[in-house]
Amino acid sequence: MKKRLLSALLALCMVLALMPGTAGAVDTLPITKTNIRADGVFNNKGYGSIYTNGEFDEDAGDYAVFPQAAVVDRNGNFVFPYKDSFSNYYFSDGIFSLTEESPYIISDNYSTEDRPLTYYKEDGSPAFSFESSEREYIKNGMNYAENTQYWGGPMQNGVAVIIKRVMTHSWTGVAGSVSYDYYTYLVDASGAVICTLPDDFNQEISYSGSDYEDWFTMKSSLAWYSEGLIAWGENVSDDDWNITHTAKGYLDRQGNTVIDLSGRAFTNSYPFYDGLAAVVDQNDLTGFINKSGELVIPCMYEGTSGFSEGVASVKKDGKYGYINKENEVVIPFAYDNAYKMFNGVAAVVKDGKCGLIDSGNNVVVPFEYDDISEFEGGTAYAVKDGYLYIIGETTYKGEAGSSYAHVPAVTGGTVVLSKRNAGPGDWVNIYVTPDKGYKLESLTVTDLRGWPVTVREMGENAFSFTMPNARVNVNPVFVKVEEENDPYSTAVPNIEGSSPNYGNVVLNPTAMNYSDISAADWFYEAVRFC
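Residues numbered from 1 in each chain as written. Predicted model: local features only at pLDDT ≥ 70, side-chain atom pairs only at ≥ 80, totals over all residues. Heavy atoms only, no water.

**Overview of the side chain of T184**
Definition in use: Segments assigned H or I by DSSP are reported as helices when at least four residues long, segments assigned E as strands when at least two residues long, and all are numbered from the N terminus. Relative accessibility decides the category of a residue: with a 1.4 Å probe and only protein chains considered, values under 20% of the type maximum give buried, values over 50% give exposed, and everything between is partly exposed. Residues count as neighbours in contact if any of their non-hydrogen atoms are within 4.5 Å of one another.
Its location among the elements puts T184 in strand β16 (residues 175–187). For T184, a relative accessible area of 3% gives the class buried. Residues in contact with T184, not counting those within four places in the same chain, are V161, I162, I163, C195, T196, L197, F201, N202 and L222.

**Side note on the pairing of strand β5 (residues 62–65)**
What counts is decided by this rule: Strand pairing is assigned whenever DSSP detects at least two bridges linking the two strands.
As paired strands, strand β4 (residues 55–57) and β5 are joined by 3 bridges and run antiparallel to one another. Looking across to β5, one finds that F56 is bridged to Y63. Linking β4 to β5, which pair antiparallel, is a turn of 4 residues; within it G61 sits at a positive phi near 70°.

**Description of unusual backbone geometry**
Even without being glycine, D93 reaches a positive phi, approximately 55°. In this fold, D93 is placed in the loop between β8 (88–92) and β9 (95–99).

**Overview of the pattern of salt bridges**
Rules: Salt bridge, as used here, is a side-chain nitrogen of Lys or Arg placed within 4 Å of a carboxyl oxygen of Asp or Glu.
For the structure on display, the rule yields 7 salt bridges. E227 is the partner of K291 in a salt bridge, and the nearest nitrogen-oxygen pair spans 3.3 Å. One end of the pair, K291, is in the loop between β26 (286–289) and β27 (295–301); the other, E227, is in the loop between β20 (220–222) and β21 (230–237), with 64 residues separating them in the sequence. Look at K291 and you get partly exposed, because its relative accessible area is 39%. When its relative accessible area of 32% is taken as the criterion, E227 is described as partly exposed. Between D336 and K319 there is a salt bridge whose closest N-O contact spans 2.7 Å. In this pair, D336 is assigned in the loop between β31 (329–335) and β32 (337–342) and K319 in strand β30 (residues 319–324), connecting sequence segments 17 residues apart.

**Describing the packing of aromatic side chains**
Stated precisely, the cut-off is as follows: Put simply, two rings from Phe, Tyr or Trp (the six-membered ring, in Trp's case) pair if the centres are within 6.5 Å, and we call them stacked under 30 degrees between planes, edge-to-face over 60, tilted for the rest. We call a charge positioned over a ring when the NZ of a Lys or the CZ of an Arg lies within 6 Å of the ring centre and within 35 degrees of the ring normal.
This model, assessed by the stated rule, comprises 17 aromatic pairs. Centroid distance Y137 to Y144: 5.0 Å. Interplanar angle 10°. Geometry classified as stacked. Y137 gets classed as partly exposed once you look at its relative accessible area, which sits at 25%. Put simply, the rings of Y47, F80, Y89, F91, F96 and Y120 pair up and form one aromatic cluster. In this structure, K33 packs its charged tip against the face of Y387, placed 4.8 Å from the ring centre.

**Overview of the sheet that holds strand β35 (residues 363–369)**
Under the convention used in this document: Comment: axis = line fitted to C-alpha atoms, over the contacting stretch for helices; angle = value between 0 and 180 degrees taken between N-to-C directions.
Taken in spatial order, the 4 strands of this open sheet run β32-β33-β34-β35, and their pairing is antiparallel. Strands at the two margins of the open sheet, each flanked by one partner only, are β32 and β35. Across the sheet, the mean angle separating the axes of adjacent strands is 15° when strand polarity is ignored. Bridging between strand β33 (residues 345–350) and strand β34 (residues 353–358) involves 6 bridges; their strand directions are antiparallel. Considered in β34, the bridge of V345 is made with D358.

**Here's the deal with the environment of Y369**
With respect to the helices and strands, the residue Y369 is situated in strand β35. The exposure class assigned to Y369 is buried, which follows from its relative accessible area of 2%. Through-space distance from the C-alpha of Y369 to that of K384 is 5.0 Å; in sequence the pair is 15 residues apart. In contact with Y369, not counting residues within four places along its chain, are I31, K353, C354, A382, V383, K384 and Y389.

**A few points about the nonpolar core**
Cut-off, in case you're wondering: Among the buried residues, those of types Ala, Val, Leu, Ile, Met, Phe, Trp, Tyr and Cys that are joined through side-chain atoms within 4.5 Å form a nonpolar core.
V415, L417, I430, F465 and V474 are the most contacted members of the largest nonpolar core, which totals 18 residues. Among the elements of the structure, β40 (413–417), β42 (427–434), β43 (438–447), β46 (462–466) and β47 (472–480) are those that each provide at least two residues to this core. Setting aside anything within four residues of it in sequence, one finds F465 in contact with A405, D426, W427, V428, I430, V445, V453, T454, R456, V472 and V474. Membership of the second largest hydrophobic core comes to 14 residues, among which are C354, L356, V364 and Y369.

**Some words on the confidence of the model for the protein chain**
As a reminder of what qualifies: pLDDT measures how confident the predictor is about each residue, on a scale from 0 to 100.
When pLDDT is averaged along the protein chain, the result is 80, and 77% of the positions lie at 70 or above. In the predicted structure, residues 207–215 sits below a pLDDT of 50 and forms 20 contacts with residues beyond four places in sequence or in another chain.

**Points about the environment of Q282**
Note that Q282 resides in the loop between β25 (276–280) and β26. On the accessibility criterion, Q282 (65% relative accessible area) is exposed. With 17 residues separating them along the chain, Q282 and C299 place their C-alpha atoms 9.7 Å apart. In this view, Q282 contacts A265 and T267; residues no more than four positions away in its chain are not counted.

**Considering the side chain of N361**
Rule in force here: Polar contact is the term for a pair of N or O atoms within 3.5 Å; when the atoms are in protein, one must be able to donate a hydrogen and the other to accept it, and sequence-neighboring residues count only if both atoms are side-chain atoms.
By the secondary structure assignment, N361 is in the loop between β34 and β35. Here the side chain of N361 touches Y335 through a polar contact of 2.6 Å, side chain to side chain.

**Overview of the sheet that holds strand β1 (residues 31–37)**
Judged by pairing direction, the sheet is antiparallel, and its 4 strands sit side by side in the order β1-β38-β37-β36 without closing on themselves. Two strands bound the open sheet, and with one partner strand each, they are β1 and β36 (371–372). Direction of pairing for β1 relative to strand β38 (residues 387–391): antiparallel, over a ladder of 4 bridges. The residue of β38 that forms the bridge with I31 is I391.

Written out as structure tokens, the structure reads:
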């Protein structure tokens, strides 16, 4: 009996050792709810890049409320307030960018919010930018109209990929043509050009439709710069506009090929993390190469987030677990999704909910969040029921914080807000009523730094904005409406000595002056305004 009991206890201990939150459990992390609204979040070197999904109106075929992006720090302060954008904020090497994750898939309508292409410092001031431009000129009897635009990827490890497109419309009489020229650069954290990539990187290979809002791509595509190398590959389009991608290798900062993957039959390659890079074979299975180009972990997994701290999340038979660099399983395949390990903590998804585990597979943040970031920089961010949570040490005071919207005294109308005090991420409606004889010329909202806060037009003289984590000023400008010169209705200021003001009607004494009536007549005042 004792042997059976001992065997049963040993078996139970082995089962418990494989379960999260049991063997070698560590203290759970502190979690603070904020009053900041968000639908999703990811971590950028300790900053929280948050976003809202917006609301799409199927009937109108457009967004009723645009998606927005913002950045917060670990104490819940907005580094960048919410701004209408399809892109997200990325951060590396002291530089923020509001860009697509990668620049080589381009869409004009997705890039509108980002022109001019500007990169920012941590204090919110511009670090460098690339300005769009237009010019017209005549050469050899031909008319030219030239438009220059820029797209860029996020600054990663001191390098960003910039694409310059020059569209030239040339014509004489009614005949004309349009041509496109592309230039691909690598720039450093000051915006200085490191190198210009060869012409093969600057060819447009696919275009769908006849307007500029359709998607197209470049012949060569680039991932972001990591551990001294940039993964690149070649795109090929068929007649149905299906893109086939082939991994070609890795470039250094000067654009030289350092690792040649030509002929290796890899369909994709990814940045190096922790000395290894993921590659995908023709069976859509993932393995890892080292910086000599050697396949050190065979292509046997269905996906990965890459290595960090000696382990990588990999997908097998539909579930994620973690392996080490010897391809040994260190955390069982038990999760719907899994991300990089930072500071011994990893973000994972189980049964549709997000949480955090440690390197021993112990749960340190329970599975109850709709989205969660990696624990980079000792902080993670999570979203639940539309609100942002900060995981880790923070000075944020939770639900207590709110910001104030100030409307200065103005002439020509009134402004009413749906709320003066609002939490970051809350909507505030603005209702404007011009005085008679006035109209609203403009309406802006600015934060304490004077930066514009996006104002949405909700209808005639009705607007809204999303409150940032700081006081804002609502700035209406009213102007007088110019009316026809009617001598019997021309408005004049109601000052002492002028005609009386009956409600909103101001009478003009000059227009009512009869030449045959003297001011000394007893009935002068009675007929003066007839």
